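One letter stands for each residue in the lines below.
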Amino acid sequence: MKYASVAVELPINKLFQYSIPAGFQSQIAIGKRVIVPFGQRKIAGYVVGFAEKPEVADVKPIESVPDVFPCFDAGMLRLTQWLSEYYFCPWGEVMKAALPACMRKIPKKPRRTIDSGREETYQRSKPFRLNAEQKQALTLLNKSIEEGKSRVFLLHGITASGKTEIYLQAIVNTLNKGKQAIVLVPEISLTPQARERFEARFGEETALLHSHLTDSQRRQTWERIKSGKANIVIGPRSAIFAPVRDLGLIIVDEEHENSYKQMESPRYHLREVAIKRGELSEAPVLLASATPSLESYYNAQRGEYSLMTLTKRIDDRVLPGVEIVDMRDERSHIFSHYLKQELEKRLERKEQVILFLNRRGFSSFSLCRQCGYVVRCKRCSVSLTYHAGSGNFLCHYCNYEEKPRKICPRCQGGYMRRLGVGTQQVEKEIRKLFPSARVERMDSDTTAARDSHMRIFGAFKRGEIDILLGTQMIAKGLDFPGVTLVGVISADTTLSFPDFRASERTFQLLTQVAGRTGRGALPGKVIIQTHSPEHYAVLAAKKHDYEGFYKEELEFRRQLLYPPFSHLVLLTIAGPKEDVVELSARSVSDAANEVSQGKGIEILGPAPAPLLRIRGKYRWQVILKGEKVTCLHQALASLLEELENRHKMRGVKVIVDVDPAAML
Ligand SMILES: [Zn+2]
Ligand SMILES: [Zn+2]
């Protein structure tokens, strides 16, 4: 072999050829990292192919080969290539993202496999007895593990229905086959509780990958997986790239989770990557959730995924009662009379309370305090957001704009308000109403410090906190037997989120939050405050009725041709100068219209993003919507090629997001 094709770690969507000096012939292999000259620089890249003849005249030689072993095997190479093509991200950048930073440091000497020599001993836990539903699900899954076939399962199990025990027993089966398993969990769910359950069952065979590992811990863990010492990998999103040798099972816990979408390049969705990796490794993939994403449930309904259902809580515990408080009748918009009363009772009885509020003061939508009407775009059905510049409300999908209303178009009352309550405001109110209660607020402001989550959760678990107030951070997978009341301060904040998935997010959050109570011996109660008590997402959450919600929401998606009936591509045009950004966005939109003619693609926008300015950059958006993802991919490829030649696009960046999870 004389020449190597190299995917370089740069945002360039192209492979480069380098010659292989005689001295490196024996060291070069597919998937190996190489250091190559690039212009005046030396950069890293990965060997993805070979050739006998040069493709261009002036081929430079490979500079050095830093590692002993390849970074990627053939399977991972195919996976990263697919990711690169599907999400329009250069292959080299995908590979860079698939390796932990500590593994990419160039060692002074070639690195050998490290033996971590972990010698902790574990008291192994025994499997629990499964109920009939759990057994049925496990049998189906085991069959697929036995056969070593790629197949996608969707496990729809209500909160506290014993999904984890199914994971554990399926993993045992995988290990018995001599294979390995990857378990993906949202970062926030990697609580000591969850870790303990896996470690208690599998001991030192477990490898945990999470963001609080030090570089050397992470490297050791990575090496333990690579060498086959650890057979069960547990971690957030990026753990899907773990170098397991013989993959036998992938589990995606809380598969509906928004955090599975990577918000920076490569903007992949973990669920899709997991399914692809399962397909390439001929391993079954188990997606699980109490509130499956609409896309996954739709795929299960169509028979693309195999659906398994758990309808009972373990030990036959009952689901908490959910009560809705109509805030249109209340004087205070933070605490209804009823919530306040129930809170007082809990404090007297020394029971714990979780108060939930979705976001931190992102005050932007227009709501009628009298009838609950929210101003939305007639065409896109997303709520209109307030823009301080113009003082108007506008649709950030299609740029429809209107002046603030004084009179409500539904009830003709004069009570239109820009609504938005932040967690800080609620905290102040609690301290005023219940001065002796021990209150802790948990949102991204209070948990910036490392391990602050664990500190707050620990204190709450030990009963040192009476009221825990927080954002969606506290909604997930936590298990606090002492909590008997969960209060949702305002369901309206999620319901009016300027995104077509607002109802789905609301239903998921309310269901997950409700699942945080009634997990111990004491029965739990949930109180949801809202100006839209008749909304189907709220009503379905009250009745714990996933099916009912799914049907209504699916119909809405069908009518407006939103996913799962279409795919979206979000183009964000960002730059430091507002007028340049706007002009460029118009140019992108024009070009998008040209290239997508006759391809069944609709172009929405350009429109300013709801968060118009982030870190000094102005942002406008253009949305491509189409039923077939292949057509979208084609149009996108032509569009990006066209944009490269456009003079107007100087000074701005176009960010491509295929299948965006949120459009802010
Ligand atoms: Zn009204
Ligand atoms: Zn619109």
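One numbering rule holds for all chains: residues counted from 1, following each sequence as written. The order in which chains are written sets their letters, starting at A; the order in which ligands are written sets their numbers, starting at 1. Local features are withheld for residues below a pLDDT of 70 in this predicted model, meaning they are given only at 70 or higher, and side-chain atom pairs are given and counted only at 80 or more; totals for whole chains, interfaces and linings count all residues. Think of the side-chain values as coming from all heavy atoms in the structure, minus any hydrogens and water.

Student: Mind showing me how you'd approach the coordination of the zinc ion (ligand 1) here?
Tutor: All of the protein donors around the zinc ion (ligand 1) are Cys368 (SG), Cys371 (SG), Cys408 (SG) and Cys411 (SG); their distances to the metal are 2.3 Å. Each metal site is built from N, O and S donor atoms within 2.8 Å (3.2 Å for Na, K and Ca), and since water is not included, such sites may look incomplete. A four-donor site is called tetrahedral if each angle lies between 85 and 135 degrees; a four-donor site is square planar, and a six-donor site octahedral, when trans pairs exceed 155 degrees and the remaining angles lie between 65 and 115; all other cases are labelled irregular. Each of the four donor atoms bound to the zinc ion (ligand 1) contributes to angles spanning 105 to 115 degrees, and the resulting shape is tetrahedral. Binding-site remark: the zinc ion (ligand 1) is held by donors from one chain whose sequence spacing is C-x2-C-x36-C-x2-C. Here Cys408 lies in the loop between strand E18 (401-402) and strand E19 (416-419) and Cys371 lies in the loop between strand E15 (365-368) and strand E16 (385-387), a separation of 37 residues in the sequence. Here Cys371 matches Cys408 in class, with each residue buried. Going along the chain from the N terminus, every DSSP run of H or I of four or more residues is numbered as a helix, and every run of E of two or more is numbered as a strand. Buried means the residue's accessible area, taken with a 1.4 Å probe over protein chains only, is under 20% of the maximum for its type, while exposed means over 50%, and partly exposed covers the values in between.

Student: Could you clarify how one ought to interpret the confidence of the model for the protein chain in this entry?
Tutor: Should the pLDDT be low somewhere, the predicted coordinates at that spot are not to be read in detail. The predictor rates its confidence in each residue with pLDDT, a number between 0 and 100. Of the residues in the protein chain, 92% have a pLDDT of 70 or more, and the chain-wide mean is 88. We call two residues in contact whenever any of their non-hydrogen atoms come within 4.5 Å of each other. Taken together, the stretch residues 115-122 has pLDDT below 50 and engages in 11 contacts with residues farther than four places along the chain or on a different chain.

Student: Looking at this structure, how should I read the packing of helix H1 (residues 74-86) against helix H2 (residues 91-98)?
Tutor: Helix-helix packing: each pair is described by the crossing angle between the helix axes and the interaxial distance. Between H1 and H2, the least distance of the axes is 9 Å, while the angle of their chain directions is 125 degrees. In terms of orientation, H1 and H2 fall into the oblique class. In the packing of H1 onto H2, the handedness of the crossing is right-handed. Of the residues in H2, those touching H1 at Leu77, Thr80, Gln81, Leu83 and Ser84 are Trp91, Val94, Met95 and Ala98. Side-chain classes follow a simple rule in which Ala, Val, Leu, Ile, Met, Phe, Trp, Tyr, Cys and Pro form the nonpolar group, Asp, Glu, Lys and Arg form the charged group, and the remainder, Gly included, forms the polar group. Across the contact of H1 with H2, the residue classes break down as six nonpolar, three polar and no charged. All axes are obtained by fitting lines to C-alpha atoms, using only the stretch in contact for helices, and the reported angles, taken between N-to-C directions, cover 0 to 180 degrees. The scheme is simple: roughly parallel for angles under 35 degrees, roughly antiparallel for over 145, roughly perpendicular for 65 to 115, oblique for anything else. For a crossing to be left-handed, the near helix must be turned anticlockwise from the far one by less than a right angle; the clockwise case is right-handed.

Student: What's the story with the packing of helix H14 (residues 502-514) against helix H16 (residues 546-560) in this structure? I'm lost.
Tutor: At their nearest, the axes of H14 and H16 sit 10 Å apart, and the two run at 170 degrees to each other. For the element pair H14 / H16, the angle class is roughly antiparallel. Here Ser503, Glu504 and Phe507 of H14 lie close against H16, whose contacting residues are Tyr546, Phe549, Glu553 and Arg557. Taken together, the residues that form the contact of H14 with H16 break down as three nonpolar, one polar and three charged.

Student: Would you mind showing me how to read the coordination of the zinc ion (ligand 2) here?
Tutor: Six octahedral donors at a metal ideally form angles of 90 or 180 degrees, and four tetrahedral donors ideally form angles of 109.5 degrees. Protein ligation of the zinc ion (ligand 2) involves Cys377 (SG), Cys380 (SG), Cys395 (SG) and Cys398 (SG), the donor distances falling in the range 2.3 to 2.4 Å. Coordination at the zinc ion (ligand 2) is tetrahedral: its four donor atoms span angles of 108 to 112 degrees at the metal. Ordering the donors of the zinc ion (ligand 2) by residue number gives the pattern C-x2-C-x14-C-x2-C.

Student: How should the packing of aromatic side chains be read in this particular structure?
Tutor: Each aromatic ring pair is characterised by the separation of its centres together with the angle its planes make. Put simply, two rings from Phe, Tyr or Trp (the six-membered ring, in Trp's case) pair if the centres are within 6.5 Å, and we call them stacked under 30 degrees between planes, edge-to-face over 60, tilted for the rest. Tallied over the entire structure, the rule returns 18 aromatic pairs. Judged by centre distance (5.4 Å) and plane angle (25 degrees), the rings of Trp82 and Tyr86 are stacked. Here Tyr86 and Trp82 lie together in helix H1, a separation of four residues that amounts to about one turn. The criterion for a charge sitting over a ring is simple: Lys NZ or Arg CZ within 6 Å of the ring centre, and within 35 degrees of the ring normal. The ring of Tyr386 carries the charged tip of Arg418 above its face, separated from the ring centre by 3.7 Å.

Student: Any chance you could explain the nonpolar core here in plain terms?
Tutor: Within soluble globular proteins, side chains that are nonpolar generally end up buried alongside one another. In this structure, Phe72, Leu184, Phe241, Tyr397, Leu571, Leu624 and Leu636 are the most contacted members of the largest nonpolar core, which totals 132 residues. Note on terminology: a nonpolar core comprises buried Ala, Val, Leu, Ile, Met, Phe, Trp, Tyr and Cys residues joined through side-chain atoms within 4.5 Å. Among the nonpolar cores identified, the runner-up in size contains 27 residues, and Tyr167, Leu168, Leu208 and Leu286 belong to it.

Student: Would you mind showing me how to read the sheet that holds strand E4 (residues 41-51) here?
Tutor: In sheet architecture, strand pairing relies on hydrogen bonds along the backbone and comes in two forms, parallel and antiparallel. The strand order across the open sheet formed by five strands is E3-E4-E1-E2-E5, and the pairing between neighbours is mixed. Among the strands making up the open sheet, the edge pair consists of strand E3 (33-38) and strand E5 (60-61). Criterion used throughout: strands pair if DSSP finds at least two bridges between them. Alignment of strand E2 (residues 16-19) against E5, held across two bridges, turns out to be parallel. Across the sheet, the residue bridging to Ser19 is Pro61, located in E5.

Student: Can you walk me through the pattern of salt bridges in this structure?
Tutor: Two side chains that carry opposite charge are able to pair once their charged atoms sit near each other. A carboxyl oxygen of Asp or Glu within 4 Å of a side-chain nitrogen of Lys or Arg is what we treat as a salt bridge. The full count for this structure, using the stated rule, is 35 salt bridges. One salt bridge connects Arg346 with Glu351, and the closest N-O pair in it is separated by 3.6 Å. A relative accessible area of 5% places Arg346 in the buried class. On the basis of relative accessibility, which here comes to 14%, the residue Glu351 falls in the buried class. Notably, a salt bridge pairs Glu547 with Lys551, separated by 3.9 Å at the nearest N-O pair. Here the residue Glu547 and the residue Lys551 both occupy positions in helix H16, the gap between them amounting to four residues, near one helical turn. Residue classification places Lys551 among the exposed residues on the basis of a relative accessible area of 56%. A network of salt bridges, in which partner residues are shared, links Glu323, Glu342, Lys345, Arg346, Arg349, Glu351 and Lys525.

Student: Help me understand the domain arrangement of the protein chain in this model?
Tutor: It is common to give the size of an interface as the accessible area lost on bringing the parts into contact. We note that the domain assignment places domain 1 (3-104), domain 2 (132-314), domain 3 (317-362 + 420-556) and domain 4 (567-658) within the protein chain. As annotated, the domain borders come from an automatic or database domain assignment. Each of domain 2 and domain 4 has a C-alpha centre, and these two points are 35 Å apart.

Student: Explain the environment of Val273 to me, please; I cannot follow it from the model alone.
Tutor: Note on placement: Val273 falls in helix H8 (residues 270-281). Remark: the alpha-carbon pair of Val273 and Arg237, spanning 36 residues in sequence, is separated by 9.6 Å. Those residues within four positions of Val273 in sequence are excluded, and the remaining contacts are Leu79, Trp82, Leu83, Ile240, Phe241 and Tyr268.

Student: Quick question: what am I supposed to make of H8 here?
Tutor: Owing to its 3.6 residues per turn, the α-helix aligns residues three or four sequence positions apart on the same side. Across its 12 residues, H8 extends 16 Å between first and last C-alpha, which sits within 8% of the 16 Å expected from 1.5 Å per residue. Those residues of H8 that sit buried are Leu270, Arg271, Val273, Ala274, Ile275, Lys276, Arg277 and Gly278. Tucked into the core, H8 has its buried residues touching H1, strand E6 (152-157), strand E7 (180-184), strand E10 (247-253), strand E11 (285-289) and helix H9 (294-301). Phi turns positive one or two residues past the end of H8, at Glu282, with a value near 50 degrees. Expected helix span is taken as 1.5 Å per residue step, with the number of steps being one fewer than the number of residues.

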